[in-house]
Protein chains: 2
Amino acid sequence: MVLFVIGLGLADEHDITLKGFEAVKSSERIYLESYTSILMVPGFKERLEELYGKSVIMAHRETVELEAESILEGAATSNVAFLVVGDPLSATTHTDLILRARQSSPPIPVKIIHNASIMTAIGSSGLAGYNFGQTVSIPFWTEEWKPDSWLERIGENLNIGLHTLALSDIKVREQSAEDMSRGILRYQRPRYMLIPQLISQVVSAAQSHKADYLHPERTLGIALCRMGSEEERIVSGTLQELLDMANPTPEQAQAEEAEDDADELASEAQLEKRRADRAEERAKKAFGEPLHSLVIVGKRLHPLERDYAASYASSGSKFLEVAREVYGCKE
Amino acid sequence: MVLFVIGLGLADEHDITLKGFEAVKSSERIYLESYTSILMVPGFKERLEELYGKSVIMAHRETVELEAESILEGAATSNVAFLVVGDPLSATTHTDLILRARQSSPPIPVKIIHNASIMTAIGSSGLAGYNFGQTVSIPFWTEEWKPDSWLERIGENLNIGLHTLALSDIKVREQSAEDMSRGILRYQRPRYMLIPQLISQVVSAAQSHKADYLHPERTLGIALCRMGSEEERIVSGTLQELLDMANPTPEQAQAEEAEDDADELASEAQLEKRRADRAEERAKKAFGEPLHSLVIVGKRLHPLERDYAASYASSGSKFLEVAREVYGCKE
């Protein structure tokens, strides 16, 4: 029998291909991988079950690592479908399961059914997929830990004129340090990095490394939000312009400060939480719900790319000016 | 109404997504773009028509450039579907049509439905999409014209350790110079570059530029053939090993030479044609029918990538040895 490894595409249950759908229908057991990918719509598992008329098993990291044997055992006697949001092989995450299947005795045939992923959706920015360098992932910084090895990779791309896709961090099924130390298995609310935080970290890393290849006013970016969904939102501009979209207006800032001052009983932690919530709300207002990704535009920008990407800039943006003066894209 | 720009995916009519299929069914006119993409199965248009229960209009380059107005006119009053093999926006080829639609008065809403493309299918090589640099296209060389600016781009990728996807040239609806000079509109048989010619050109360009970053015995490659189809074939090895797979054995070479010698009446042109046909036949025997693409492996090869990619090497291949000794991939 066959182990199908099936990409679900970008946004919802209808992004599966006809071929993938047939494979699911021919499968006795259906696993939904749920640790590298985000499920874009609420109740995604139930929506899949309704579409397929079959039950779907959630496969968390523990499941896939610990129960690979049982997944493969099933595949020895009937078809098994392993569903992955996006394309199933954009990262090497699932190669272990596939290699194990092929090395079983007797070998279990594996069939990969590809689909669109964020690495395909970058085309919607107007930039050609050909002109992208390596992709980077930007992890959440904490007070104590601010890894930034990804900056060097962005620099490598920019130095040869290439665009960079920067993926934002996702924290799902994370435990708090406190719960972990007490042995309580409880997951925190999922967190998704939004465009403003992503850009802040990029700009801050560039400043602390004195990286001359990246500057908020002279580097162009394209925010790609909820790609492939009905709420898809694409915004282009200088990195600073994108940041400013989620900054409070002077009036807002004043009102918020007044609110904080009036609330004399609030602790520092409460104030901090409130500020973070406001920032998140503004970010979502500007860019929509997660997932957010950012394209950092390279110097080899072609006029056809520029024209399309510029159509996503807000009025008053310096996109075209920077493209012309800094990027040398003049035609 | 809506202009749907829909990716058809990698291989056949069942690679469209459920969402794309619904969009096609809601459309009054359906165009199939047929100048940047190859149709992997014979009678593809008819197969689409049967699946859709609707007729499909072939859109050659002339159609899309000259008849953009009429395509868009249709979209003003009813849905129009514009189908593209692979993902519709991997290149900037169709951004002009999309921009025109959005700039029409009143604007025509455009909905992009993404799908897998060869840039997604690279994951099947076992290499992570994250670690790829820019993509290059390798054009057919002729006696007179051997462009090789793509070599520098491969070098840029290799110098920072990144993998390169090299796409092979496709010549469809080409006219001969003779027909063109006589004003005869007649197309030549489509030509697709196969792995041996692709690698030969890469190696030859590297040699003539004395490029030390690429060497047939010390650079690893992964041939990706007919990705996503039932005849998908993936082969890894050193570039030289991949070349050798399509070289004649000494016995074959001898027999072929004898055959040519015996045929005293053959002209030089006939002999050349015969040799080219034999080479093509051997290439297809080793790698299957087109389309072929090649991944050139970069030094930042990760052990997980290596293990998966090595599973596609023939027995006796030096893949692991080169990965260890040249690439420094030791774990």
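Keep in mind that what you see is a predicted model, and the values were worked out from it rather than measured. (Residues numbered from 1 in each chain as written. Chains lettered and ligands numbered in written order. Predicted model: local features only at pLDDT ≥ 70, side-chain atom pairs only at ≥ 80, totals over all residues. Heavy atoms only, no water.)

Draft legend 1. Looking closely at the overall build of chain A. Counting its secondary structure elements, chain A contains 14 helices and twelve strands. For chain A, the C-alpha radius of gyration of 22 Å lies close to 20 Å, the compact-globule estimate for 331 residues. Along the first, second and third principal axes, the C-alpha atoms of chain A reach 65 × 60 × 35 Å. (Helix = DSSP H or I, 4+ residues; strand = E, 2+ residues; numbered from the N terminus. Rg over C-alpha atoms; globule rule 2.2 N^0.38 Å.)

Draft legend 2. The arrangement of the UniProt feature "binding site: S-adenosyl-L-methionine" (unreviewed entry) in chain A in detail. Residue and element names in this part refer to chain A. Per the UniProt annotation, the sites labelled "binding site: S-adenosyl-L-methionine" (unreviewed entry) are L10, D87, S117 and I118. These annotated residues cover 109 residues of sequence, and their C-alpha atoms all fall within 8.6 Å of one another, placing them together at a single site. Tracing the backbone through its elements, the reader meets I118 in helix α6 (residues 118-121). According to the relative accessible area criterion, I118 is partly exposed, its value standing at 22%. Not counting the four nearest positions on each side in its chain, I118 is found in contact with L10, L165, L167, L224, M227 and S293. (UniProt positions renumbered as here; feature names shortened; annotations may be inferred. Buried < 20%, exposed > 50% of the residue type's maximum accessible area, 1.4 Å probe, protein only. Contact = heavy atoms within 4.5 Å.)

Draft legend 3. Molecular detail of the packing of aromatic side chains. Taken as a whole, this structure holds six aromatic pairs over all chains when the rule is applied. Judged by centre distance (5.9 Å) and plane angle (70 degrees), the rings of A:Y308 and A:Y312 are edge-to-face. Looking at A:Y312, the relative accessible area reads 15%, which means it is buried. Ring centres of B:W141 and B:W150 lie 6.3 Å apart, and the angle between their planes is 35 degrees; on these two criteria the pair is classed as tilted. Across the pair, B:W150 and B:W141 agree in class, each one buried. For the cation-ring pair, A:K299 lies above A:Y327, with the distance from its terminal atom to the ring centre recorded as 6.0 Å. (Phe/Tyr/Trp six-rings, centres within 6.5 Å; stacked < 30°, edge-to-face > 60°. Lys NZ or Arg CZ within 6 Å of the ring centre and 35° of its normal.)

Draft legend 4. Local environment of the interface of chain B and chain A. Every contact between the two is made by 55 residues of chain B and, on the other side, 56 residues of chain A. Where chain B abuts chain A, roughly 4,500 Å² becomes buried across the two surfaces, and 58% of that area is made up of carbon and sulfur atoms. The largest per-residue losses of area from chain B upon contact with chain A belong to B:L18, B:Y130 and B:Y308, which jointly make up 17% of the total buried on that side. The tally of links between chain B and chain A comes to eight salt bridges. Linking B:K19 and A:D15 is a salt bridge whose minimum nitrogen-to-oxygen distance equals 3.1 Å. Run the count over chain B and chain A and you get 26 residue pairs in polar contact (both at pLDDT 80 or more). Put simply, the parts of the chain that give the side of chain B that touches chain A at least two residues each are α1 (18-25), α5 (95-103), β5 (110-113), α6 (118-121), α7 (149-159) and α13 (303-310) of chain B. Considering only residue class, the side of chain B that touches chain A consists of 23 nonpolar, 19 polar and 13 charged. (Buried area = accessible area lost by both parts, 1.4 Å probe. Salt bridge = Lys/Arg side-chain N within 4 Å of Asp/Glu carboxyl O. Polar contact = N/O pair within 3.5 Å; in protein donor to acceptor, adjacent residues only side chain to side chain. Nonpolar A, V, L, I, M, F, W, Y, C, P; charged D, E, K, R; others polar.)

Draft legend 5. Up close: the environment of A:A81. All names here are of chain A. In this fold, A81 is placed in strand β4 (residues 80-84). In this structure the C-alpha to C-alpha distance between A81 and V56, which are 25 residues apart in sequence, comes to 9.6 Å. For A81, the residues in contact, after removing those within four places along its chain, are F4, I6, V24, S27, R29, I30 and Y31.

Draft legend 6. Up close: the sheet that holds strand β2 (residues 29-33) of chain B. All names here are of chain B. Ordered in space as β3-β2-β4-β1-β5, the five strands form an open sheet in which the pairing is parallel. Of all the strands in the sheet, the pair left with one neighbour each is β3 (57-59) and β5. Strand after strand, the sheet turns through a mean of 25 degrees between neighbouring axes, direction not considered. In the sheet, strand β1 (residues 3-7) pairs with β5 via four bridges, with the strands oriented parallel. Looking at β5, one finds that L3 is bridged to V110. Across the face of the sheet, helix α2 (residues 44-52) comes into contact with β2, β3 and β4 (80-84) while running at roughly 150 degrees to β2. α5 rests against β1, β4 and β5 of the sheet, and its axis sits at about 150 degrees to β5. (Pairing = 2+ DSSP bridges. Axes fitted to C-alpha atoms, helices over the stretch in contact; angles between N-to-C directions.)

Draft legend 7. Region of interest: the side chain of A:D87. Positionally, A:D87 belongs in the loop between β4 and α5 (95-103). Lacking a salt bridge, the buried A:D87 has A:K111 as its closest oppositely charged neighbour, with an N-O distance of 12 Å. Among the polar contacts made by the side chain of A:D87, one reaches the main-chain amide nitrogen of A:N115 at a distance of 3.1 Å. Apart from residues no more than four positions distant in its own chain, A:D87 is found in contact with A:G7, A:H114, A:N115, A:A116, A:S117 and B:T120. (Lys, Arg positive; Asp, Glu negative; His and termini not counted.)

Draft legend 8. Highlighting unusual backbone geometry. Residue and element names in this part refer to chain B. Omega for the peptide link from S105 to P106 comes to -5 degrees, which places this bond in the cis form. Relative to the assigned elements, P106 resides in the loop between α5 and β5. Here P290 and L291 are connected by a cis peptide whose omega angle stands at 0 degrees. By the secondary structure assignment, L291 is in the loop between α12 (268-287) and β12 (292-296). Phi is positive for K210, which is not a glycine, with a value near 50 degrees. In this fold, K210 is placed in the loop between α9 (195-208) and β10 (220-225).

Draft legend 9. Structural detail: the sheet that holds strand β10 (residues 220-225) of chain A. Residue and element names in this part refer to chain A. Spatially, β6-β7-β12-β10-β11 is the arrangement adopted by the five strands of the open sheet, whose pairing is mixed. Edge positions in the sheet fall to β6 (136-138) and β11 (233-238), since each of these pairs with one other strand and no more. Between one strand axis and the next, the sheet turns through 25 degrees on average, direction left out of account. Across four bridges, strand β7 (residues 164-168) lies against strand β12 (residues 292-296) in antiparallel orientation. Paired with T164 across the strands is I296, a residue of β12. Helix α9 (residues 195-208) contacts β6, β7, β10 and β12 of the sheet and is inclined by roughly 40 degrees relative to β12.

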